[in-house]
There are 4 protein chains.
Amino acid sequence: MADIIMRRDPGEPRPILIPIVFHSGYGHTARQADAVAAGVRLVADAEAALVPVEDVDQSWAVLHAAPAIIFGAPTYTGAASAAFKAFQEATSRAVMAQGYLWKDKIAAGFTNSGSMAGDKLATLIQLALFAAQHGMHWVSLDLPPANNSSIGSAEDLNRLGYWLGAAAQSNTDVGPERVPPEADLATARHLGRRVAQVTLQCVRGREAMGL
Amino acid sequence: MADIIMRRDPGEPRPILIPIVFHSGYGHTARQADAVAAGVRLVADAEAALVPVEDVDQSWAVLHAAPAIIFGAPTYTGAASAAFKAFQEATSRAVMAQGYLWKDKIAAGFTNSGSMAGDKLATLIQLALFAAQHGMHWVSLDLPPANNSSIGSAEDLNRLGYWLGAAAQSNTDVGPERVPPEADLATARHLGRRVAQVTLQCVRGREAMGL
Amino acid sequence: MADIIMRRDPGEPRPILIPIVFHSGYGHTARQADAVAAGVRLVADAEAALVPVEDVDQSWAVLHAAPAIIFGAPTYTGAASAAFKAFQEATSRAVMAQGYLWKDKIAAGFTNSGSMAGDKLATLIQLALFAAQHGMHWVSLDLPPANNSSIGSAEDLNRLGYWLGAAAQSNTDVGPERVPPEADLATARHLGRRVAQVTLQCVRGREAMGL
Amino acid sequence: MADIIMRRDPGEPRPILIPIVFHSGYGHTARQADAVAAGVRLVADAEAALVPVEDVDQSWAVLHAAPAIIFGAPTYTGAASAAFKAFQEATSRAVMAQGYLWKDKIAAGFTNSGSMAGDKLATLIQLALFAAQHGMHWVSLDLPPANNSSIGSAEDLNRLGYWLGAAAQSNTDVGPERVPPEADLATARHLGRRVAQVTLQCVRGREAMGL
């Protein structure tokens, strides 16, 4: 990752690196995280880094340097997984107590669970509240409602109808090699691309203003 | 409704009347309300009364006398409809300021919107917070997750995956004579029946304790 | 605890035992849990059992047998602590997968944090959603708004203004021997007593109906 | 307002106009809105426009043209006021159905109520979900927790402990000429200034990228 940041001619627009901090218990949310990363990479000058919460202690410097961080967790019993929550709590010391190092970064979030709704909104709200505690700016999914009329289908982007972030639904008896379905992965890619685009605008704006 | 309450032999178990206060903009939530009422009526000694928010000013006495009230509203732009919210606010004077007349009543809720999820959880939370402000007890849907595996289907009860209350999804280009689908109406009936059963238990318990 | 349940003459009203499952990182939420337990014990025929989440594996049988369970967790970074969330997730196997053993139990919740509001409402909502996933009935705090006028004070019950459950605020530089303040402990006692009273009504009602 | 936008030399940085759409039932939230506007005006090149929801039908063009919109509503019975919700619903036709005209604008929010917490978080979440449905980016308050230690006080910025937006507490028996207190008005000014600063960064970034 250091390579990406260092190798460039002076004057060239600086590429951005967007870490995706996520937890996945069975691999389904990891596939969603991969799709978010693929979406980030669709944007010129943007690169993604996947950071499983298990590796976060080796990744604080990357997170602190990034202009945006995307958060992802499965929804278990109506909230983000305990493993992800432990990461959230680790930021109290590693980020907040160091002087709110994530202030003004862009943030966004995604979640997966077995049910269509399945209290996933509660997890997305949890992620947005967490970002707000850090003074981050929250980027929404920005996809219109879909799969909500007689001409809609489960193949639609945003088939589940969320706006605060990207949601996926994975049948609980099917492995991550087959679910979440393509519609939900495409929705995740959309989020990644959007976050990269918005982040570039903010970064370029700060550069233009000499901040 | 007075008839239902009055006509009984002394010593007979007193029937209960459960009002369903709801708003429906286009008729879909009204169909859901009808299904909740049908569920209530499946229980011996329980009767339901539909109270559109437009008629609430003629219905305060019925609401005050009831051992349980079920709330229903469509989800518009991520929250209960403004028409339902106006009813919520009317209870400040008509119920709270009169001495918290709804304290210890049973409460439950339901909502309908066009999308599968569609921020419906936010409306159910809004209804539960409202009930808590009144000191009411909130009865959950009590249906396991469904439509969440390769053997599940959109015909399952609780196909959308909610637990705080009953949810329905109605295609936005289809009239209320055809949607919400039967699975969501059956889910609504389930909620009505459950609320009636739980309410009877609480009422009989208070009678047994001489309260 | 077995003693409480076993030692009684036939025909005597059966006492109820209400477990309080809680996590406390620094001892403040433990004091709140103690106060909830003291409130339960104010009610004749009601006993409380404190179950730290660290001990839950030895306590499943007690939880399964109880007519009510009260949940408590500190609010860290905008949600219940990871330690409490791990307990929530453990119930997937230990409770849900065994046939939803907590269905129809009474539930209630409490939380503590450093700030007046401090996203504590998010934790209370998380606890209520969790209870709903188990098919439990949620009992609200039932205290009117307080500390909200020129004659109110920080000594009022419910000084913080919550209704879904009991909230406490503990200064972050003061040990649990001195905070949360008495007003918040009294609020917690109120919740405990109320849950015991409502639970007795439901239990007596089921007995009266032969359920 | 047209003046502000038009009168400038070519090449000069274009000033931005940030409308504050709000409802106030008794004048307290209006004072909070005034403070947010004052905060916006602290930023060079930024101007604020107060838009009471009662006037929104004359203000759609201003809202559509703005790079940011700040939303404010009192918290009544646990959610934004019905009058504000009616405005939210009006955007379905006036904004969403016209092609999601508010997509990618900056958004932020504030709320006032009588209690310290008083379910204000529910209103802030409602505003953030609404903004997300429009595809807007949500700017957080970015103030650390305060009034949460033995050296804190009710004069602290963010004395109530919110992060998703700005909150105020107004005693219910005191008129808007005296409450909300200065700490809450200063918190509101902080939000207004922050939104203006972030908005300028995004606007300048889009200009730099030729968007």
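About the thresholds
- Residues numbered from 1 in each chain as written.
- Chains lettered and ligands numbered in written order.
- Predicted model: local features only at pLDDT ≥ 70, side-chain atom pairs only at ≥ 80, totals over all residues.
- Least-squares fit on C-alpha atoms with pLDDT ≥ 70 in both.
- Contact = placed C-beta atoms within 7 Å.
- Helix = DSSP H or I, 4+ residues; strand = E, 2+ residues; numbered from the N terminus.
- Expected span 1.5 Å × (residues − 1).
- Buried ≥ 20, exposed ≤ 12 C-beta atoms within 10 Å, placed from the backbone.
- Nonpolar A, V, L, I, M, F, W, Y, C, P; charged D, E, K, R; others polar.
- Pairing = 2+ DSSP bridges.
- Axes fitted to C-alpha atoms, helices over the stretch in contact; angles between N-to-C directions.
- Parallel < 35°, antiparallel > 145°, perpendicular 65-115°, else oblique.

Moving on: the relation of the copies chain A and chain D. Taken as rigid bodies, chain A and chain D are interconverted by a rotation of 180 degrees and an axial shift of 0.0 Å, the fit giving an RMSD of 0.0 Å. On the angle and the small slide along the axis, the relation comes out as a two-fold axis. Residue A:Gly205 of chain A places its C-alpha closer to the rotation axis than any other residue of that unit, at 1.6 Å. A symmetric contact is evident, with 100% of the interface residues of chain A recurring at the interface of chain D.

This paragraph deals with helix α6 (residues 182-208) of chain C. All names here are of chain C. Over its 27 residues, α6 runs 39 Å from end to end, which matches the ideal 39 Å to within 8%, given 1.5 Å per residue. Of all the 27 residues making up α6, 20 are buried; the element is thus mostly covered by neighbouring parts of the structure. Among the residues trailing α6, Gly 210 stands out with phi positive, at a value near 70 degrees.

The next point concerns the interface of chain A and chain D. Frequently, the measure chosen for interface size is the accessible area removed from exposure when the parts meet. Of the residues lining the interface, 27 residues belong to chain A; the matching set on chain D comes to 27 residues. Going through the elements one at a time, α5 (120-133), β6 (137-139) and α6 (182-208) of chain A are the ones with two or more residues in the side of chain A that touches chain D. Looking at the side of chain A that touches chain D, the element that brings in the most residues is α6(A), giving 8 residues. Tallied by class, residues from the side of chain A that touches chain D come to 17 nonpolar, 6 polar and 4 charged. Looking at chain direction, β6(A) and strand β6 (residues 137-139) of chain D are connected through 3 bridges and run antiparallel. Among the inter-strand pairings, A:Val139 is bridged to a residue of β6(D), identified as D:His137.

Looking now at the environment of B:Ile70. Residues and elements named next belong to chain B. The residue Ile 70 is located in strand β3 (residues 68-76) in this model. Judged by the 34 C-beta atoms lying within 10 Å of it, Ile 70 falls in the buried class. Between the alpha carbons of Ile 70 and Ile 20 there is a distance of 4.7 Å; along the sequence they are 50 residues apart. In this structure Ile 70 touches Ile 18, Ile 20, Val 36, Ala 108, Gly 109 and Val 195, once residues within four positions along its chain are discounted.

Of the residues lining the interface, 23 residues belong to chain D; the matching set on chain C comes to 23 residues. When residues in the side of chain D that touches chain C are grouped by element, the largest group, 3 residues, is from helix α5 (residues 120-133) of chain D. Residue classes in the side of chain D that touches chain C are distributed as 9 nonpolar, 10 polar and 4 charged.

Moving on to the packing of helix α6 (residues 182-208) of chain B against α6(C). The description of two packed helices rests on the angle between their axes and on the distance between the axes. Look at α6(B) against α6(C): their axes get within 7 Å of each other, and the N-to-C directions meet at 90 degrees. Comparing their axes, α6(C) and α6(B) come out roughly perpendicular. Seen from α6(B), the contacting residues are B:Gln201, B:Cys202, B:Val203, B:Arg204, B:Gly205, B:Arg206 and B:Ala208; seen from α6(C), they are C:Gln201, C:Cys202, C:Val203, C:Arg204, C:Gly205, C:Arg206 and C:Ala208. For the contact of α6(B) with α6(C), the per-class residue count stands at 6 nonpolar, 4 polar and 4 charged.

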